[in-house]
Amino acid sequence: MMKTKTKEAATLPLNTILAGDCVEQMNALPESSVDLIFADPPYNLQLRGSLHRPDNSEVDAVDDAWDQFASFEAYDKFTREWLKAARRLLKPNGAIWVIGSYHNIFRVGAALQDQGYWILNDVVWRKSNPMPNFRGKRFTNAHETMIWASKGEGAKYTFNYEALKSLNEGVQMRSDWVLPICNGGERLKDANGDKAHPTQKPESLLHRVLVGSTNPGDVVLDPFFGTGTTGAVAKMLGRDFIGIEREESYRRVAEARLARVRKYDREALEVSASKRAAPRVPFGQLVERGMLRPGEELWSMNGRHKAKVRADGTLIGDDIKGSIHQVGAHLEGAPSCNGWTYWCFKRDGKTIPIDLLRQQIRAEMN
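- Identification of the protein as Methyltransferase from Pseudooceanicola atlanticus is taken from an unreviewed UniProt entry.
- Here the protein is described in UniProt, under the heading Catalytic activity (unreviewed entry), as follows: "a 2'-deoxyadenosine in DNA + S-adenosyl-L-methionine = an N(6)-methyl-2'-deoxyadenosine in DNA + S-adenosyl-L-homocysteine + H(+)".
- In UniProt, the protein has this text filed under Sequence similarities (unreviewed entry): "Belongs to the N(4)/N(6)-methyltransferase family."

**Focus: helix α6 (residues 229-236)**
1) Next: Burial runs high along α6: seven of the eight residues are buried.
2) Next: When we look at burial in α6, the residues that qualify are T229, T230, G231, A232, V233, A234 and M236.
3) Next: A positive backbone phi angle near 75 degrees is found at G238, which sits one or two residues after α6.

**With respect to the pattern of salt bridges**
1) Next: Counted under the stated rule, the structure contains 14 salt bridges.
2) Next: Between K91 and D35 there is a salt bridge, with its nearest N and O atoms 3.1 Å apart. Residue K91 is found in strand β3 (residues 90-100), and its partner D35 is found in strand β2 (residues 34-39); the two are separated by 56 residues along the sequence.
3) Next: On the basis of relative accessible area, D35 is assigned to the buried category, the value being 14%.
4) Next: When the shortest N-O distance is used, the salt bridge between D176 and R174 registers 2.9 Å.
5) Next: The class of R174 is exposed, set by a relative accessible area of 58%.

**Points about the pairing of strand β5 (residues 143-150)**
1) Next: The buried count for β5 comes to seven of eight residues, which makes it a mostly enclosed element.
2) Next: Bridging between β3 and β5 involves six bridges; their strand directions are antiparallel. Within the sheet, the bridge partner assigned to A95 lies in β5 and is S150.

**Focus: the environment of D222**
1) Next: Assignment of secondary structure puts D222 in strand β7 (residues 219-222).
2) Next: Note on D222: relative accessible area 3%, which makes it buried.
3) Next: Note: C-alpha distance between D222 and W97 (125 residues apart in sequence) is 9.8 Å.
4) Next: Every residue in contact with D222, bar those within four places of it in the chain, is listed here: F38, T230, I242, G243 and I244.
5) Next: A polar atom in the side chain of D222 sits 2.9 Å from the backbone nitrogen of F224.

**Describing the packing of helix α2 (residues 72-89) against helix α3 (residues 105-114)**
1) Next: At their nearest, the axes of α2 and α3 sit 10 Å apart, and the two run at 45 degrees to each other. The angle between α2 and α3 places the two elements in the oblique class. Considering how the two elements wind past one another, α2 and α3 form a crossing that is right-handed. Across the interface between the two elements, F72, Y75, D76, T79 and L83 from α2 touch R107, V108, A111 and L112 from α3.
2) Next: Of the residues contributing to the contact of α2 with α3, the split by class is six nonpolar, one polar and two charged.

**A look at the nonpolar core**
1) Next: By size, the foremost hydrophobic cluster in this structure holds 34 residues, and its most contacted members are W97, M146, W177, L205, V209 and L210.
2) Next: Counting residues per element, this core draws most heavily on helix α5 (residues 203-213), which supplies five residues.
3) Next: Among the nonpolar cores identified, the runner-up in size contains 30 residues, and V23, L83, A85 and A149 belong to it.

**Examining the packing of aromatic side chains**
1) Next: Inspection of every chain in the model, using the stated rule, returns 11 aromatic pairs.
2) Next: Taken together, a centroid distance of 5.5 Å and an interplanar angle of 45 degrees make the contact between W148 and F159 tilted. One end of the pair, W148, is in strand β5; the other, F159, is in the loop between β5 and α4 (161-167), with 11 residues separating them in the sequence.
3) Next: With centroids separated by 6.1 Å and ring planes inclined at 65 degrees, the aromatic side chains of F283 and W340 adopt a geometry described as edge-to-face. Here W340 lies in helix α11 (residues 339-342) and F283 lies in helix α9 (residues 283-288), a separation of 57 residues in the sequence. This pair shows no difference in class: F283 is buried, exactly as W340 is.
4) Next: Among the aromatic residues, ring-to-ring pairing joins W97, W148, Y157, F159, Y161 and W177 into one connected group.
5) Next: The ring of W125 carries K127 above its face, with NZ or CZ at 5.2 Å from the centroid.

Conventions adopted
- Residues numbered from 1 in each chain as written.
- Predicted model: local features only at pLDDT ≥ 70, side-chain atom pairs only at ≥ 80, totals over all residues.
- Heavy atoms only, no water.
- UniProt positions renumbered as here; feature names shortened; annotations may be inferred.
- Buried < 20%, exposed > 50% of the residue type's maximum accessible area, 1.4 Å probe, protein only.
- Helix = DSSP H or I, 4+ residues; strand = E, 2+ residues; numbered from the N terminus.
- Salt bridge = Lys/Arg side-chain N within 4 Å of Asp/Glu carboxyl O.
- Pairing = 2+ DSSP bridges.
- Contact = heavy atoms within 4.5 Å.
- Polar contact = N/O pair within 3.5 Å; in protein donor to acceptor, adjacent residues only side chain to side chain.
- Axes fitted to C-alpha atoms, helices over the stretch in contact; angles between N-to-C directions.
- Parallel < 35°, antiparallel > 145°, perpendicular 65-115°, else oblique.
- Left-handed = near helix turned anticlockwise from the far one by under 90°.
- Nonpolar A, V, L, I, M, F, W, Y, C, P; charged D, E, K, R; others polar.
- Core = buried A, V, L, I, M, F, W, Y, C linked by side-chain atoms within 4.5 Å.
- Phe/Tyr/Trp six-rings, centres within 6.5 Å; stacked < 30°, edge-to-face > 60°.
- Lys NZ or Arg CZ within 6 Å of the ring centre and 35° of its normal.

Structure below.
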């Protein structure tokens with residue numbers, strides 16, 4: 001029998017939870033329409049029998065049907081199918097995060113590379129309060145691994161380096177994140193008081209992922225939506241989300257949860273930006289606009305050197321001609337120089353950095 005092609009949706013169903021199989025639902029969405037995918041797929045834990053604590057009480061482990069596969073081959077087929085559908089949805093500068101444990105993450109990593117994704121980092125989520133290993137026959141499973149990948153080799157992607165650095169008290173963010181597991185008031189419960197979902201992720205984890213790799217207004221898709229952690233954090237942070245979840249009980253919990261979430265105000269959503277992300281301003285534009293005149297002298301901030309501005313936006317010194325960077329480097333005998341912070345000009349007896357003129361132009365651009 002011939003298979004009919006799934007019809008694509010005309011527009012994205014933003015901020016909704018789609019019911020059904022994730023591959024079918026993803027194939028029905030427009031191609032190259034999503035900025036980020038966060039995927040928390042079944043881990044295929046391969047549990048054998050019940051797990052008990054030392055007091056003989058039973059552990060509420062993950063034994064749901066959605067986490068059970070007949071074989072590794074079956075799991076690999078499932079992984080390839082959803083990763084293919086996910087890659088089709090990503091914009092050229094989109095990216096994906098996949099989280100897993102030792103049971104599945106290595107197989108997922110290989111499948112990612114086979115599909116053409118380009119791995120950017122693996123990030124270890126080290127749990128500050130992991131569940132003990134009650135049998136005492138192995139190490140305590142105190143971490144999970146996330147793979148962050150772009151759509152392909154050389155593809156662009158969002159990385160808010162300065163924002164993550166700010167989250168980490170001004171220190172470059174490392175690839176090992178110490179965060180607690182979901183517990184206490186954050187742990188959602190069903191009508192019977194039991195955990196609504198056995199593997200609910202903490203909002204702190206998604207906060208770091210979304211602040212670091214998306215911008216306000218981006219579209220974030222979660223093909224294994226569960227109780228909606230990705231959607232809740234996306235909504236708070238001013239991102240649009242699309243959730244896909246086949247289990248009705250999880251969808252009900254997620255919908256109730258999302259109804260309670262409120263977006264942060266616009267000012268609160270702004271994050272520290274990299275200087276490299278600011279609009280580029282050629283030095284020559286300062287000359288074109290008359291902010292600096294041909295023949296005007298620039299002085300080094302240390303007062304030891306000077307050079308003259310030329311009509312084409314280059315400088316000329318005693319024995320050197322070139323850009324503001326080249327001339328500064330030559331005069332200092334250095335391999336490189338940031339001319340914007342090196343040079344200044346004089347007005348009414350005051351010394352003014354040329355970078356102030358660049359900032360003025362940037363402000364106009366914004």
